[in-house]
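Here is what each chain is made of, one letter per residue.
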Amino acid sequence: MAYTPDRSQYPQKKADGSLDIDLTSGKYLKLWQGPQHPGITGNMSIELTVCGDEVAEGRTHVGYLHRGFEKLMERRTFIQNFPIVCRICVPEPDFNEYCYAAAVEELAGIEVPERADWIRALILEMGRINSYLMYLGGQAGALGQAVIGQWSTYVRDLMLDRFEELTGARIYHMFIMPGGVRDNLPTGFRTRMEHTLGEIENALRDIHNVMFRNAVFEKRTRGIGVIEKEWLDSYGVTGPCIRAAGVPRDVRKDQPYLVYDQLDFDPVIGKDSDIYTRADVRRRDLLLSVDLIRQILSRMPQDDGPTMATTPNVLHWKIEPGETYVRGECSRGEYGYYLVTDGSGYPRRVNVRGPSYTHAMALFERMVVNCNIADVAALLVSLHTYPPEIER
Amino acid sequence: MSIRNILSPFTAWKYLFRDPVTIPDPLNDRPGSPRYRGFHKNDMKKCIGCGTCEAICQNGAIDMVAVEGIDASKEDSGLRPNIDYGRCCWCALCVDVCMTGSLTMSNEYKWVESNPDAFRFTPGVDKKHWDNAALGYHRPDGYQLTGRVREQMPELEPAKRIESFDEIVQGYDVEQAKLEADRCVACGLCIATCPAHMAVPDYIAAVRDGDYERGLKILYDTNPFSQICGRVCTHRCETVCAARHEGDPIAIRWLKRHITEQVPRDRYRAIIGDPAPPTGKSVAIIGAGPAGMTAAYDLARKGHAVTVYEALPHAGGMTRYGIPEYRLPYETIQHEMDLILSMGVTIHYDTRIGSDITMQQLEQDFDAVILAIGLQMGRSTRIPGSEHAGVKKAVDLLRRITEGEHIDAPKSMVVIGGGNVAMDIARSMARLQKQQHGSIDVTLTALEDLNHFLADPDEIKESLEEGVNILDSRGPQQCQVDAEGNLTGLKTWKVLSIFDQQGRFAPSFDETDEQIHPAEMVVEAIGQMSDVNLLGEELTERLEWNRGRIQIDTNGRTSESWLWAAGDCVTGPDVVSAVAAGHQVAKSIDAVINPVEALTHA
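None of the values given here were measured: they were computed from a predicted structure. (Residues numbered from 1 in each chain as written. Chains lettered and ligands numbered in written order. Predicted model: local features only at pLDDT ≥ 70, side-chain atom pairs only at ≥ 80, totals over all residues. Heavy atoms only, no water.)

**Considering the overall build of chain A**
Our working rule: A helix here means a DSSP run of H or I that spans at least four residues, while a strand means a run of E at least two residues long, and both kinds are numbered starting from the N terminus. Each radius of gyration is computed over the set of C-alpha atoms, and the globule rule expresses the reference value as 2.2 Å times the number of residues to the power 0.38. Buried, partly exposed and exposed residues are distinguished by accessible area as a fraction of the type maximum, computed with a 1.4 Å probe on protein chains only: under 20%, between the cut-offs, and over 50%, respectively. Residue contacts follow a heavy-atom distance rule, with two residues in contact if any of their heavy atoms lie within 4.5 Å. Note on areas: these come from Shrake-Rupley sampling with a 1.4 Å probe, and a residue is covered only by the protein chains present in the view. Neither His nor the chain ends is counted toward charge; the positive residues are Lys and Arg and the negative residues Asp and Glu. By convention, the point assigned to a charge is CZ for Arg, NZ for Lys, CD for Glu and CG for Asp.
Scanning chain A for helices and strands turns up 14 helices and eight strands. Relative to its length of 392 residues, chain A is compact, with a C-alpha radius of gyration of 22 Å against a globular reference of 21 Å. Principal-axis analysis of the C-alpha atoms gives chain A an extent of 70 × 50 × 35 Å. Sorting the 392 residues of chain A into buried and exposed places 63% on the buried side. Taking contacts inside chain A between residues at least 6 apart in sequence as the whole, the part at least 24 apart equals 72%. If you sum the accessible surface of chain A, you get close to 14,300 Å²; carbon and sulfur atoms cover 50% of it. Considering chain A, the positive charge centre built from 45 side chains and the negative charge centre built from 53 side chains are found 2 Å apart.

**Quick look at the packing of helix H6 (residues 174-182) of chain B against helix H8 (residues 200-209) of chain B**
Residues and elements named next belong to chain B. Note the following rule: Here, axes are lines fitted to C-alpha atoms. For helices the fit covers the stretch in contact, and angles between N-to-C directions go from 0 to 180 degrees. Roughly parallel means an angle under 35 degrees; roughly antiparallel, over 145; roughly perpendicular, 65 to 115; everything else is oblique. Crossing chirality is assigned from the near helix's rotation relative to the far helix, an anticlockwise turn below a right angle marking it left-handed and a clockwise turn marking it right-handed. Note on residue classes: Ala, Val, Leu, Ile, Met, Phe, Trp, Tyr, Cys and Pro are nonpolar, Asp, Glu, Lys and Arg are charged, and everything else, Gly too, is polar.
Running from N to C, H6 and H8 cross one another at 135°; their axes reach a closest spacing of 8 Å. Comparing the axis directions of H6 and H8 gives the class oblique. As for the relative orientation of H6 and H8, their crossing is left-handed in sense. Each of Ala177, Lys178, Ala181 and Asp182 in H6 lies in contact with H8, whose residues at this interface are Ile204, Val207 and Arg208. Here the contact of H6 with H8 is composed, by residue class, of four nonpolar, no polar and three charged.

**Some details on the domain arrangement of chain B**
The criterion, for reference: Domain delimitation follows an automatic or database domain assignment.
Along its sequence, chain B is carved into domain 1 (26-121), domain 2 (166-271), domain 3 (274-376 + 533-601) and domain 4 (377-528). On a C-alpha basis, the centroid separation for the pair domain 1 of chain B and domain 3 of chain B is 49 Å.

**Quick look at the nonpolar core**
Applicable threshold: Think of a nonpolar core as a cluster: buried Ala, Val, Leu, Ile, Met, Phe, Trp, Tyr and Cys residues, connected wherever their side-chain atoms sit within 4.5 Å.
Of all hydrophobic cores here, the largest spans 236 residues; its most connected members are Tyr337 of chain A together with Ile370 of chain B. At 14 residues, helix H4 (residues 114-141) of chain A tops the list of elements feeding residues into this core. Non-local contacts of Ile370 of chain B, meaning those with residues more than four positions away in its chain, are made with Val283, Ala284, Ile285, Ile286, Ala295, Leu299, Trp564, Val585 and Ile589 of chain B. Among the nonpolar cores identified, the runner-up in size contains 30 residues, and Met423, Phe453, Ala455 and Ala525 of chain B belong to it.

**Quick look at the interface of chain A and chain B**
The accessible area lost on association of the parts is a frequent measure of interface size. To be explicit about the condition: Simply put, the buried area is the total loss of 1.4 Å probe accessible area from both parts when two parts are fitted together. Each salt bridge in this description consists of a side-chain nitrogen of Lys or Arg and a carboxyl oxygen of Asp or Glu lying within 4 Å of one another. By the criterion applied in these results, polar contacts are pairs of N or O atoms within 3.5 Å in which, for protein atoms, one can donate a hydrogen and the other can accept it, and in which residues neighboring in sequence qualify only through two side-chain atoms.
Contact residues are listed per partner, giving 43 residues for chain A and 43 residues for chain B. Regarding the contact of chain A and chain B, the summed buried area is about 3,400 Å², with carbon and sulfur atoms giving 52% of it. The largest per-residue losses of area from chain A upon contact with chain B belong to Arg182, Arg213 and Leu315 of chain A, which jointly make up 18% of the total buried on that side. One can count six salt bridges joining chain A with chain B. For the salt bridge of Arg30 of chain B with Asp161 of chain A, the shortest nitrogen-to-oxygen distance reads 3.0 Å. Our enumeration of links across chain A and chain B arrives at 27 residue pairs in polar contact (both at pLDDT 80 or more). Secondary-structure elements contributing two or more residues to the side of chain A that touches chain B are helix H2 (82-85), helix H5 (146-167), helix H6 (189-212) and helix H7 (215-221) of chain A. Counting residues per element, the side of chain A that touches chain B draws most heavily on H5 of chain A, which supplies seven residues.

Below, the structure is given as structure tokens:
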């Protein structure tokens, strides 16, 4: 039986439609969730106004992680930005590397070797798996189920090993450069990757049995945190959040980039648009990524060809004036880079479009109203938020 | 809610019977992967201290520092990258851009130290426990962040260029020059190596930006012979270029030439600017070659009244009278000389010091005198028959060709010598043979084997392409003369060695391997010397000498306080060295004759 809050009672509104909250009335309580709180995703916080155990108003506060990346990039050369961009999203840094590199390549007119496209797609899918594994642990943890995180962290660690042997680093891979990727697959990579994928499938079977086929989890997530149909476009909802609402929107399919037009897959969709459905869509999307990695490894050119295009001397690389927007489907939705060049050796403007920006700032504030305070953490996690991409 | 969903979570209990997945001793049991980007290593034998790693580091984590025991040399700045691990993000751009491949990374990632300052260190100098790690990130083969291949210079085909004295090298077009300039990493080793210390990275940057007027200004700040050096410089800069380690060196000489070609000639004077107001001091310069004219340019720009005395009808010295027109067109030299003269330099052509004017007169009339007489006299092999009228000196022949004199090209000839002058005369005479007889028969013999010729490799290659027959390791023994007194050829023996065990010049021959090379003319091109008769007996006595050359101090001043000497006559043949010497004596003279001004400009 789903929890149904009495939406008619709260929040009380004035005639002009704004919230009528009298904090001195004794009816309300201000409560901060975060920035140090187990029920918060990363370095952000929510300022809740609660009435009893129902949320009357929620405001997200960000800025704890602001490092000014977009501004930093305007004073660094095109190659010097490549080690910076990965820091904009810690758990899934590769989309920053890809989108930045693709934007630079497009404006500079560089053709990337086909092999590099396959390896890029491989890395992006590996990153997606890591991101989802982290999410599953967080989603279960937000509802008190700590064991899922332990299992998913183990298999995520195996994937980090694969990242390490392929890219030379575990977290900030810095492997997708403007021009291509740094190197080919190491010897024996396919075998070890197959083993890792098998372990992930095993772990997901257990996670399915313990987390999804779980009366408590279902009770806490079904019918809760529903994203209404009319919010989808007005709030710019993308990724698993919109697919869980039954809309098959996936950049990989709608506007194929890299080699996705050569892979067989259908976007994973759900229909209830609640926390449970979003979690389930992500679980199945994770299995889709496992399948896509297998497809990539079997279909990519087998020889050791070049993986980097010839670029101008990177020390004084200037790009003609131009602008572009490059997008890709990351684990949280549409990831995009808007890049403007002005003919100098530095980007004139870089704007990073992270899906967390719309999901966790605007949409969340709308969704949290009338939510039970115990569900706030699960709701926020179910939007799959990574604060650094909000703040850039 | 089904009964399955109540029971299913209990399947988690199976993990009670599983082994832990954690690694018990990760510090020892878990090495980094083979391409792990761990701590830095730097191969001291390969590193040249070019500082490209410092330039690319986006964290400012790398400083180039002087290291005890590593001295600066022509090919090595003597500096080494010092890395601050408080800033480093291990992106490995420094490894990727390293011009020599000396900088790499180990797969080591553990380093325990109580002193925080220890994390600023110089890899390769400060010994670390990962120095011998076999694994770790190395730049993969086949990818590069800077260009490796030189732009091909358009040149006349051998069959076409042998027809005339037209210039062979055609020069880069703008697109090519930009691509070539793009490869430069601006390490500056070239500046240190260039005798004139030209600001090479700066003018290459001007080429990249297409700002040729800026480039020209930079060129003429350090080298009034830029058009000439852009064609015939010995380009030592290119022998130390950081790009040569894993690719072709930047074509620095051709880029210099490109700048001078892109600026209209009537703009030169305005870009270079006017000289300083007159100082009332006067300087006489003997010889209008690179050293003399460079000194004239510098001194005139400082406001001194400069008078140049030239024995021949044109200025330029050996660049005009020694270098054939197919390498350096006369009109280019003339433009360069006109530019120098436009700074207010007076020049007297066809004026020989010693006979027309004496040194004593110059000493009286001027505040300082510069001797820049070059090496105008060819040396002789002094083998039997070498006094025959058919045996010529290369420099004399080259001078006569320059002066436009008609020379009857012999149907066959032999050149003795393996240097650039030998190639010049062989190729010049080959052109005359082609014009007068329609066929080429030039044999060039040299003591050295082909791999040790003193001539530039390009000269050798082009000579061979043009049909010059090069015979290496041949020692000249006798010029053959027949009964009628006609020169018939040259007899040579096979060279066994050129130097004795003490390293002295003492060639030994295999007399059984004798060859006669038939020739109507033999040309000696084995070196030049100065004609110092102009000094007069008394001055020659007073001056101090060093192995037949006038002794000078580090500023180019001789033992006579009013007399300086510069150029080939004291340092041996090389255009850009002569330019550098010209600057040096000009600076020294300015400091002596105009001490206050020199101080304020210092």
